[in-house]
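# Residue-level structural notes
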Amino acid sequence: MADQYQYNTNEEKIVKDSHTKEIDLINRDPKQINEDVVKVEFEDVIAEPDGTHSLDGVWKLSYTTFTVSKYWCYRILSAVFGIPVALLWGFLFACISFCHIWAVVPCIKSCLIESQCISRIYSLCIQTFCDPFFEALGKIFSSVRVALRKEV
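Reading guide: rules and limits
- Residues numbered from 1 in each chain as written.
- Predicted model: local features only at pLDDT ≥ 70, side-chain atom pairs only at ≥ 80, totals over all residues.
- Heavy atoms only, no water.
- Helix = DSSP H or I, 4+ residues; strand = E, 2+ residues; numbered from the N terminus.
- Buried < 20%, exposed > 50% of the residue type's maximum accessible area, 1.4 Å probe, protein only.
- Contact = heavy atoms within 4.5 Å.
- Disulfide = S-S within 2.5 Å.
- Patch = residues over 30% accessible without salt bridge, like charges linked within 9 Å, V, L, I, M, F, W, Y side chains within 5 Å.
- Areas by Shrake-Rupley, 256 points an atom, 1.4 Å probe, with all protein chains shown as cover.
- Salt bridge = Lys/Arg side-chain N within 4 Å of Asp/Glu carboxyl O.
- Phe/Tyr/Trp six-rings, centres within 6.5 Å; stacked < 30°, edge-to-face > 60°.
- Lys NZ or Arg CZ within 6 Å of the ring centre and 35° of its normal.
- Expected span 1.5 Å × (residues − 1).
- Bend = angle between axes of the 7 residues up to and from the residue.
- pLDDT = per-residue confidence, 0-100.

The name recorded for the protein chain in an unreviewed UniProt entry is Caveolin, from Amphiprion percula.

For the protein chain, the count of helices and strands is two helices and two strands. Of the regular secondary structure in the protein chain, the N- to C-terminal order runs β-β-α-α. Per-residue burial for the protein chain yields a buried fraction of 1% across its 152 residues. Sequence-distant contacts in the protein chain: of pairs separated by 6 or more residues, those separated by 24 or more amount to 12%.

Turning our attention to the state of the cysteines. In total, this model carries zero disulfides according to the counting rule given. Free cysteine: Cys95, not disulfide-bonded; nearest cysteine sulfur from Cys99 at 6.6 Å.

Attention now moves to a nonpolar patch on the surface. Nonpolar side chains collect at one region of the surface, where Val68, Tyr71, Trp72, Ile76, Leu77, Val80, Phe81, Val85, Trp89, Leu92, Phe93 and Ile96 lie side by side and expose about 1,200 Å² of accessible area between them. Relative to the helices and strands, Tyr71 is located in helix 2 (residues 56-141). With a relative accessible area of 41%, Tyr71 lands in the partly exposed category.

Below, the discussion takes up the packing of aromatic side chains. In total, this model carries seven aromatic pairs according to the counting rule given. Summarising the aromatic geometry, the rings of Tyr71 and Trp72 are spaced 5.4 Å apart at their centres and angled 85° between planes, so their arrangement reads as edge-to-face. The exposure class assigned to Trp72 is partly exposed, which follows from its relative accessible area of 47%. Aromatic rings pair up to connect Phe42, Trp59, Tyr63 and Phe66 into one cluster. Its guanidinium or amino end placed over the ring of Trp72, Arg75 lies 5.9 Å from that ring's centre, counting from NZ or CZ.

Further remarks concern unusual backbone geometry. Its identity is not glycine, yet Gln32 carries a phi of approximately 50°, on the positive side. Here Gln32 lies in the loop between strand 2 (13-17) and helix 1 (42-45).

Compared with the 128 Å implied by 1.5 Å per residue over 86 residues, the 90 Å span of helix 2 between its first and last C-alpha is markedly short. A maximum bend of about 50° is found in helix 2 at Phe81, where proline Pro84 lies one to four positions downstream.

Next up on the list: the confidence of the model for the protein chain. Taken residue by residue, the protein chain gives an average pLDDT of 86. The fraction at 70 or more is 87%. The least confident element of the protein chain is strand 1 (residues 3-7), whose mean pLDDT is 53; the most confident is helix 2, at 94.

Put into structure tokens, the structure is as follows:
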């Protein structure tokens, strides 16, 4: 869906490009694809069981250090590598889409068309040669009766 059409009151067609849609800066994971994967908090990584506690000041400073370093490290990495990696992923998914649209789907359609032709020929051969043979075998063995007796 590259373009969406809207009509104003004069019934003129207005083309709205979907690539220029407004992005949500608050909810940056609307489909929640990273909900369980990268949602790591201090308590998920570092925990002190009962009977083994560090000093309260050390614990608070560790929490602050972990949280702030994770926050700024992510921000710096995303600022430095975010655009190049987005370009790389955009290129990769464009190549995958191109291959899928121009090679995979036509190849599958071609195979389906050819297999329909082959399956019709195969079906005709089975009906012509095998069906009469097995029907004759069925008539031959239909009169066979098996009786089981237990002799002592």
